[in-house]
Number of protein chains: 2
Amino acid sequence: MHSLEALAKDYQQNRETILKEFFTFLRFQSVSSEPQFKGELLACADWVKKYLLELGFTVETWPTKGHPVIFASYLKAGPNKPTLLIYNHYDVQPVDPLEAWETPPFEPTVRNGEIFARGAQDNKGQCFYVLQALKALIKRDGTLPLNIKLCIEGEEEMGSVGLSSILKEKAAQLKADYLAVVDMGIPAPETPAVTIGVRGLVTLEVSVEGSNTDMHSGSHGGVVFNPIHALVEMLSKLRDAKGRVTIPGFYDQVKEVSAAEKASLSLQFSAEEYRQEFGAEASGGEQGYSPNERAWLRPTVEVNGITGGYAGPGFKTVIPAKASAKLSCRLVPDQQPEKIGQLVAQFLRDNAPAGVKVEVQALPGCGIAARSEPTSKVVQAFADAYTEVFKKPCQRILGGGSIPVVAELTKVSQSEMVLLGMGLASDKIHAPNEHFGIDRLERGYLVVARAIEILATF
Amino acid sequence: MHSLEALAKDYQQNRETILKEFFTFLRFQSVSSEPQFKGELLACADWVKKYLLELGFTVETWPTKGHPVIFASYLKAGPNKPTLLIYNHYDVQPVDPLEAWETPPFEPTVRNGEIFARGAQDNKGQCFYVLQALKALIKRDGTLPLNIKLCIEGEEEMGSVGLSSILKEKAAQLKADYLAVVDMGIPAPETPAVTIGVRGLVTLEVSVEGSNTDMHSGSHGGVVFNPIHALVEMLSKLRDAKGRVTIPGFYDQVKEVSAAEKASLSLQFSAEEYRQEFGAEASGGEQGYSPNERAWLRPTVEVNGITGGYAGPGFKTVIPAKASAKLSCRLVPDQQPEKIGQLVAQFLRDNAPAGVKVEVQALPGCGIAARSEPTSKVVQAFADAYTEVFKKPCQRILGGGSIPVVAELTKVSQSEMVLLGMGLASDKIHAPNEHFGIDRLERGYLVVARAIEILATF
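This text gives an overview of the structure that appears in the document.

Parameters at a glance
Residues numbered from 1 in each chain as written. Chains lettered and ligands numbered in written order. Predicted model: local features only at pLDDT ≥ 70, side-chain atom pairs only at ≥ 80, totals over all residues. Heavy atoms only, no water. Helix = DSSP H or I, 4+ residues; strand = E, 2+ residues; numbered from the N terminus. Rg over C-alpha atoms; globule rule 2.2 N^0.38 Å. Buried < 20%, exposed > 50% of the residue type's maximum accessible area, 1.4 Å probe, protein only. Contact = heavy atoms within 4.5 Å. Areas by Shrake-Rupley, 256 points an atom, 1.4 Å probe, with all protein chains shown as cover. Pairing = 2+ DSSP bridges. Axes fitted to C-alpha atoms, helices over the stretch in contact; angles between N-to-C directions. Least-squares fit on C-alpha atoms with pLDDT ≥ 70 in both. 1 Å grid on protein atoms, 1.4 Å probe; cavity = no way out; pocket = protein on both sides within 12 Å on 5 of 7 lines; lining within 4 Å. Points joined across faces, edges and corners; volume = space filled by probe spheres on them. Nonpolar A, V, L, I, M, F, W, Y, C, P; charged D, E, K, R; others polar.

Turning our attention to the overall build of chain A. Broken down by element type, chain A carries 15 helices and 18 strands. Computed over its C-alpha atoms, the radius of gyration of chain A comes to 24 Å, within 12% of the 23 Å expected for a compact globule of 458 residues. Taken over the C-alpha atoms alone, chain A extends approximately 85 × 50 × 45 Å along its principal axes. Split into buried and exposed, the 458 residues of chain A put 61% on the buried side. Expressed as a percentage of contacts within chain A between residues at least 6 apart in sequence, the contacts between residues at least 24 apart total 80%. Summing over all exposed atoms, chain A offers an accessible surface of approximately 17900 Å²; the carbon and sulfur share of this is 52%.

Laid out in structure tokens, this is it:
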């Protein structure tokens, strides 16, 4: 029997136990951002630790200022075999608004083949199928064909503060050849894909002050410089008519993507599907690039919020004292977030009209972009596994979003990186009624198990 | 004895009665915009009516869909004498936040020579000194030297809806030679001034939609056209680098102001005082015009509110479905509000980038500008009266704000118009602890009484 079939058969035989254990994992109210759940996070981390100890892993609990990181290793393949580091997290998002849940968020419920619970997908579901893959391989072979390390953190939904702060001191232990970040998705239920990069991020707030008090737009209209005018003028100058960012130096560090690299990516994009799904045209960003090139391979400056004056019902004849905006840049290799943040801030200050005061403040939560070679071994192994499981060629895609810990972990562990997962856009992660397909739990398990086997053969 | 001295003496002798009656007027809770005070408005209107009947006026209560207008006339001067129509209002602004008042808003209290109460200045104070001027002249002479008509409305703080709606049908009764709108102020306590114009107004709301749902700025940044970007680009195009409005046709109907007219106005402006008072530079508006020219004689396009995306604490990586702004234009003769509104709307639509949906909506409350000749008789008479009372040359100024009913009333009554009053910017009208100086109550009385006498001699 082919390994895939055997693994599938084993899963089916243990289906009931697997779901029972998964539901136990889901019942921990491990909401990392809410202090009252601290005990639940510790209990959840402890459950993961015991689970791994039973599989034969060496497990450490790394304390942080917040919630602990579970670090586990299974190094029986020996020093001549490569090491794969797998990243997951056991914390979940808050559940508000609770009344919008059809069934309670911490009582997993199956409806139409989907498991409804907070964390069902993000990231307990994706963490749990990794554990099942390891368990099945160990049960069958008494060992693993690669050295495996697991890093399962408890603060991903809070920006990985704790893990980030201890990464450097744990560099030796985290060292690996490959890194698999299992916290992503596939474009559609029957479309296998691995993700070879995410963009970096830097965020800022700019405020413009025209006076020390709100002023009457009759008496002062045409006299004082309306700070909303100043702000819209400054923001409108960030990009030219072709959508290209005009900030001097903004593109200086952008690494060009070769035609070969582009050819290996699934860049196709359906304007019609986009219109159907979001009621939107793909008309933003830089001209001369296709939508997915703009989302994956090009940096952006985006205004994410703007406020000033009166925006309620009716009208107020006010010239506000202040107007402000929040901006973010999505970054690509090798743009440095701090440097780009400084360029944006300087540009805004330089373009402020006379008579207004401008303040630009960097906001926390920046991170550099992560990108892997489409032909790297770990990308290839997971892509082959997806192709096998889905019986369809696996796409190589990128994510337009940002997971700052990915680049940090890649650097510290000195690994070749791949991002993957079984998430779908419709899973309602971070929202009420989060869910994850039972079929995808199994497929995730198969992909991870087969990728480990394939990678061991390279 | 000079008439001014006699009038002052008479006032001093009746000071106690005058304040007692004024306080009765102030105690009516005539908040026009709050339905629960309907009875108080009727009682207040009735009190005004009785007061005028006792002076010998013929009084009518004009019903409207809202609160009634008190119309009174005293036409004993005969058809060979001109008619002066005086405008006031008996309604007041709401009092919220009540807890910010040092003494209750409807219990008039004197502190440091100032009467504290809602309406103490706006407009009961200014209405009451008109009544005292008429009373003193009638008491002294048994008649008035001019035909006098009074229009005292009850919905000024709601945009004069009721009065506007009946103006045309009351045109014959409102016909006059002169109109005095007694609802304005003076630039400083010892600076006499009459106001010869106010700007018109048109207000709009523009909304830009990029998608039918908020979108993640990672996945979609550079793909969808961020509606905040579209909005700031559109708004930034409204004016050029020199502050001139770029909307085609915007200035077509603007009546040029002659050098002689400008020379008659008090255009001087202290940048230092402006800085001190508002923490602001007078750097807005059109280059090539002085601050008061920009505030009084030039039209504007102003953004009074803007909103889109996330503006709370921290950051959200959102591309909002929608962004919107509220705009107003201050207008000068002979700009037509509806026409200008259409030009602005068309300009915004024409400048929308591809891929977003733009909606522009006209908001209620527009009005045309009103402006008088600086040398007209009614302006001259009131200016002379101010000069006499303040013992200082009276300035001719304009208001940058808009009182839509002024232009309507001027047109319907076929009058030469002047705006005047004893308000100061520090009176806290429309705010807690509104107040009005006892000295200004007397000076207002003197100005109105003397202006009537002077106008009768022209």
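All names here are of chain B. Sheet architecture is open: 3 strands sit in the order β4-β5-β18, paired in antiparallel fashion. Strand pairing shows two members of the sheet lacking a second neighbour, β4 (109-111) and β18 (435-437), which therefore form its edges. Averaged over all adjacent pairs, the angle separating strand axes in this sheet is 30 degrees, with direction ignored. Both strand β5 (residues 114-116) and β18 contribute to a ladder of 3 bridges, which runs antiparallel. If you follow Ile115 over to β18, its bridge partner there is Phe436. Against the sheet, helix α15 (residues 438-457) engages β4, β5 and β18, with an angle of about 65 degrees to β18.

Residue and element names in this part refer to chain B. Bridge analysis of strand β1 (residues 58-62) against strand β2 (residues 69-74) gives 5 bridges, and the strand direction is antiparallel. Bridging across to β2, Trp62 finds its partner in Val69. Once β1 ends, the chain turns through 6 residues before running back antiparallel as β2.

Our next topic: the relation of the copies chain A and chain B. Rotating chain A by 180 degrees about the axis while translating it 0.1 Å along that axis superimposes it on chain B, leaving an RMSD of 0.1 Å. Read as a symmetry element, the transformation amounts to a two-fold axis. In this assembly the copies share their binding face: 100% of the residues contributing to the interface of chain A also contribute to that of chain B.

Before going further, it helps to examine empty space enclosed by the protein. In total, this model carries 5 cavities of 30 Å³ or more according to the counting rule given. Residue lining of the largest cavity: 18 residues in total, with Gly222 of chain A together with Arg239, Gly285, Glu286 and Thr300 of chain B positioned closest to the centre. Among the residues forming the lining of the largest cavity, the class breakdown is 6 nonpolar, 7 polar and 5 charged. Put simply, the second largest cavity is a space of about 70 Å³. If you trace the second largest cavity, you find it lined by Arg239, Gly243, Val245, Gly285, Glu286, Arg294, Arg298, Pro299, Thr300 and Val301 of chain A together with Gly222 of chain B. In terms of residue class, the lining of the second largest cavity is built from 3 nonpolar, 4 polar and 4 charged.

Quick look at the side chain of His229 of chain A now. Relative to the elements of secondary structure, His229 of chain A occurs in helix α8 (residues 227-236). Apart from the residues within four sequence positions on either side, His229 of chain A is in contact with Arg239, Val301, Glu302 and Val303 of chain B.

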